[in-house]
Amino acid sequence: CPMMALAMTNAQEELDGRLEVISVHGGGSRLECDESLELMDQYSVSGFPTGLVDCRTYIENSSSVTMTASRIVAAVKDTEDKYDTYTGLGWNAELTGKSLKMDLSVYVKKAGEYKVTALLVEDGVVGYQADYVNGDDRSYEHSGIIRGALSDVKGDRFTIEADGMVKHFTYSELIPSDLNLENMRVVVYVQKKLDLKKSY
């Protein structure tokens, strides 16, 4: 939804870069992929648009972009207030033709159970977009679209036995043939299991 996309952009500006937005497209869109459908299933997304901050706070769309943006900002600040940062990332990546190899290092401050997810995303994809306010747009520019994953899309699980350790991962993947390499980037995030009785 263009209104949700605009709300996300406004929230990013207000949060001064502390919000990374990825877009998941469902079945029936030429922008969906197997990985996006798996993520929809993991987070029980059945309708569009559905916003999700920090994989835990659902954001409903509203007729007010300002109201939706304020909900997103509040959810990000709630995460920052309630949860410490336990990890840091470093990586080297090499692209040879359509083959991407990435060596990823995850620094972990506190022992526990974690998972890391590395997604291929593409910006600047021009295509169809339904718009119930201004009318459908066939030249809408989509950004942050999931086009594949280097890791398991639901995350590669790992355990850190002691504080202050580094875990290394190596990924290699063929880039989808229809992905524009100039508009491609990799988004990596780490999740910590906070309650051993629950999922991440």
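Draft legend 1. Region of interest: the overall build of the chain. The helix and strand inventory of the chain stands at 3 helices and 11 strands. Relative to the 2.2 N^0.38 estimate, which gives 16 Å for 200 residues, the radius of gyration of the chain is 17 Å and therefore close to what a compact globule would have. Dimensions of the chain, computed from the C-alpha atoms along their principal axes, are close to 55 × 45 × 30 Å. Counting only residues that meet the buried cut, the chain has 38% of its 200 residues in that class. Excluding contacts between residues fewer than 6 apart, the proportion of contacts in the chain whose partners are at least 24 apart in sequence is 66%. Taken as a whole, the chain presents about 11,500 Å² of accessible surface, with 46% of it coming from carbon and sulfur.

Draft legend 2. Local environment of the packing of helix α1 (residues 2-14) against helix α3 (residues 65-82). Between α1 and α3, whose axes approach to 8 Å, the crossing angle comes to 50 degrees. The pairing of α1 with α3 is recorded here as oblique in orientation. Along this stretch, α1 crosses α3, giving a crossing that reads as right-handed. Seen from α1, the contacting residues are Met 3, Met 4, Leu 6, Ala 7, Met 8, Asn 10, Ala 11 and Glu 14; seen from α3, they are Val 65, Thr 68, Ala 69, Ile 72 and Val 73.

Draft legend 3. A look at the nonpolar core. In terms of nonpolar packing, the biggest core is built from 19 residues, with Met 102, Leu 104, Val 106, Val 116, Phe 158, Phe 169 and Tyr 171 touching the most fellow members. In terms of residue count, strand β4 (residues 99-108) provides more of this core than any other element does, 5 residues in total. Aside from chain neighbours lying at most four places away, what touches Val 106 is Thr 87, Gly 88, Leu 89, Val 116, Phe 158, Met 165, Val 166, Lys 167, Phe 169 and Val 190. Of all hydrophobic cores here, the second largest spans 16 residues; its members include Met 4, Ala 11, Val 65 and Ala 69.

Draft legend 4. Main features of the confidence of the model for the chain. Chain-level statistics for the chain give a pLDDT mean of 90 and a share of 97% at 70 or above. The element-level mean pLDDT for the chain is lowest in strand β6 (residues 125-129), coming to 85, with β4 highest at 97.

Draft legend 5. Focus on the packing of aromatic side chains. For the structure shown, the criterion picks out 3 aromatic pairs. Relative to Phe 169, the ring of Phe 158 lies with its centre 5.3 Å away and its plane at 65 degrees, an arrangement referred to as edge-to-face. Of the two residues, Phe 158 sits in strand β9 (residues 156-160) while Phe 169 sits in strand β10 (residues 165-174), which places them 11 residues apart along the sequence. Put simply, the rings of Tyr 114, Phe 158, Phe 169 and Tyr 171 touch in pairs and so form one group of aromatic residues.

Draft legend 6. The sheet that holds β10, seen in detail. Pairing in this open sheet of 3 strands is antiparallel, and the strands run β3-β4-β10 from one edge to the other. Two strands in the sheet have a free side with no partner beyond their single neighbour: β3 (87-96) and β10. The mean inter-strand angle of the sheet, taken between neighbouring strand axes irrespective of direction, is 15 degrees. As paired strands, β4 and β10 are joined by 10 bridges and run antiparallel to one another. Looking across to β10, one finds that Val 108 is bridged to Met 165.

Draft legend 7. Seen up close, α3. Its 18 residues give α3 an end-to-end C-alpha distance of 26 Å, which sits within 8% of 26 Å, the value for a rise of 1.5 Å per residue. Looking at α3, one finds that the buried residues are Val 65, Thr 68, Ala 69, Ile 72, Val 73, Ala 75, Val 76 and Thr 79. All buried residues of α3 lie within an arc of 155 degrees about the axis, which places them on one face of the element. α3 presents Thr 66, Asp 81 and Lys 82 as exposed residues on the side facing more than 90 degrees away from its buried surface.

Draft legend 8. Here's a closer look at unusual backbone geometry. For the bond running from Phe 48 to Pro 49, omega is -5 degrees, close enough to zero to count as cis. Within the secondary structure layout, Pro 49 lies in the loop between α2 (34-42) and β1 (51-53). Positive phi values are uncommon outside glycine, yet Asp 54 reaches one of about 60 degrees. If you trace the backbone, Asp 54 turns up in the loop between β1 and β2 (57-59). For Asp 54, a relative accessible area of 42% corresponds to the partly exposed category.

The rules we used
- Residues numbered from 1 in each chain as written.
- Predicted model: local features only at pLDDT ≥ 70, side-chain atom pairs only at ≥ 80, totals over all residues.
- Heavy atoms only, no water.
- Helix = DSSP H or I, 4+ residues; strand = E, 2+ residues; numbered from the N terminus.
- Rg over C-alpha atoms; globule rule 2.2 N^0.38 Å.
- Buried < 20%, exposed > 50% of the residue type's maximum accessible area, 1.4 Å probe, protein only.
- Contact = heavy atoms within 4.5 Å.
- Areas by Shrake-Rupley, 256 points an atom, 1.4 Å probe, with all protein chains shown as cover.
- Axes fitted to C-alpha atoms, helices over the stretch in contact; angles between N-to-C directions.
- Parallel < 35°, antiparallel > 145°, perpendicular 65-115°, else oblique.
- Left-handed = near helix turned anticlockwise from the far one by under 90°.
- Core = buried A, V, L, I, M, F, W, Y, C linked by side-chain atoms within 4.5 Å.
- pLDDT = per-residue confidence, 0-100.
- Phe/Tyr/Trp six-rings, centres within 6.5 Å; stacked < 30°, edge-to-face > 60°.
- Pairing = 2+ DSSP bridges.
- Expected span 1.5 Å × (residues − 1).
- Arc of directions from axis to C-beta.

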